[in-house]
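Structure assessment
Each chain, letter by letter, is given below.
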Amino acid sequence: MSHTIAVIGGTGPQGKGLAYRWARHGHVVVVGSRSSDRAEETATEIRERLGGNGADVTGAENATALASCDVVVLSVPYDGHYDLVAGLSSGLAGKTMISCVNPLGFDKRGPYGLQVAAGSAAEEAAELVPDARVVGGFHHVSAVSLWGDQDYLSDEDVLVCGDDRDAKQIAVELARSVTGREGVDAGALRMARQLEPLTAVLISINKRYKVRSGITVSGLPGSG
Ligand SMILES: NC(=O)c1ccc[n+]([C@@H]2O[C@H](COP(=O)([O-])OP(=O)(O)OC[C@H]3O[C@@H](n4cnc5c(N)ncnc54)[C@H](OP(=O)(O)O)[C@@H]3O)[C@@H](O)[C@H]2O)c1
């Protein structure tokens, strides 16, 4: 099923990479930004990358981007997340909202997961917009890989958590555009408390081994 997806913070590397993957798979994508010029610049970059494949990618200021979509993806830094989501709450009401936001800190010892009063960024978004159907997902796929040349990130799984079954299924299906297969249902929205800071572990591994690590889940049905 094709969706109209607004990527809030779509001018950053993560949002741009996800927008590119979804547009490539026939979804209608609106890149959101605090600046309509920056949004249109990124949309143009994605359209150019996709050539004449009829990709439907446009750019708009965040609130405008929300208006036409059925799925919203939050791809902004955790710093500023609360104010951004609160400011857009009326437009977010009723939408399926996928958060890939990782609240991380960095100090001399490296990356670490920040304490979030609501439990996680995804739960914070759900508290701020109680009418939205919030899902956590796409926390562990790297922006560089998303914008890279691989057709699919076929060595990785997208872990998805949420309390609304239908919204979670949408995110599970959207993972196909990224990995070539369904995402993995990782449980209730509160699992975002585990999924978000897990990214700090991947960043530590990346630093230690000079790689771009990802998550693969073994033992799933059909995984052989
Ligand atoms: N980078 C990765 O590899 C990666 C991987 C997995 C998950 N993530 C998560 O995905 C999210 C986005 O990552 P990113 O690397 O793309 O981040 P980013 O480049 O720092 O920010 C993304 C966009 O968010 C907007 N933004 C920045 N500060 C904001 C604020 N205070 N209020 C509202 N909007 C703001 C900016 O867009 P405008 O200025 O155009 O509005 C910016 O281009 C983060 O939460 C990150 O943890 C990132």
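Heads up: the structure comes first, above all this text.
Overview of the structure. Note that the structure is a prediction, hence the values are computed from the model and not measured. (Residues numbered from 1 in each chain as written. Predicted model: local features only at pLDDT ≥ 70, side-chain atom pairs only at ≥ 80, totals over all residues. Heavy atoms only, no water.)

**Comments concerning the nonpolar core**
So the rule is basically this: Residues grouped as a nonpolar core are buried Ala, Val, Leu, Ile, Met, Phe, Trp, Tyr and Cys residues, joined through side-chain atoms within 4.5 Å. The rule is simple: take the accessible area with a 1.4 Å probe, protein chains only, and divide by the maximum for that residue type; under 20% is buried, over 50% is exposed, in between is partly exposed. Secondary structure elements are taken from DSSP: a helix is a run of H or I of four residues or more, a strand is a run of E of two residues or more, and numbering for both begins at the N terminus. We call two residues in contact when some of their heavy atoms are within 4.5 Å.
Grouped together as the largest cluster of nonpolar side chains are 34 residues, with contacts concentrated most on Ile8, Leu74, Val85, Leu92, Met97 and Val129. A total of four residues in this core trace back to one element, the largest contributor, which is helix 6 (residues 121-128). Excluding anything up to four places from it in sequence, Val85 contacts Leu74, Leu92, Ala125, Leu128 and Val129. If you look at the next biggest cluster of nonpolar residues, it comprises 32 residues, including Leu18, Val29, Ala171 and Leu174.

**Notes on the packing of helix 1 (residues 13-24) against helix 2 (residues 36-50)**
Operational definition: Axes, fitted as lines to C-alpha atoms, cover a helix only where it is in contact. Angles between the N-to-C directions of the axes lie from 0 to 180 degrees. Orientation categories follow fixed angle ranges, with anything under 35 degrees roughly parallel, anything over 145 roughly antiparallel, 65 to 115 roughly perpendicular, and all other angles oblique. Crossings are assigned a handedness: left-handed for a near helix turned anticlockwise from the far helix by less than a right angle, right-handed for a clockwise turn. Residues are grouped as follows: Ala, Val, Leu, Ile, Met, Phe, Trp, Tyr, Cys and Pro are nonpolar; Asp, Glu, Lys and Arg are charged; every other residue, Gly included, is polar.
As a packed pair, helix 1 and helix 2 sit with axes 10 Å apart at the nearest point and diverge in direction by 45 degrees. Judged by the inter-axis angle, helix 1 sits oblique to helix 2. Both helix 1 and helix 2 take part in a crossing whose hand is right-handed. Two secondary-structure elements touch here, helix 1 through Lys16, Ala19, Tyr20, Ala23 and Arg24 and helix 2 through Thr42, Glu45, Ile46, Arg49 and Leu50. Looking at the contact of helix 1 with helix 2 residue by residue, the class counts come to five nonpolar, one polar and four charged.

Just distances and angles here, no functional claims.
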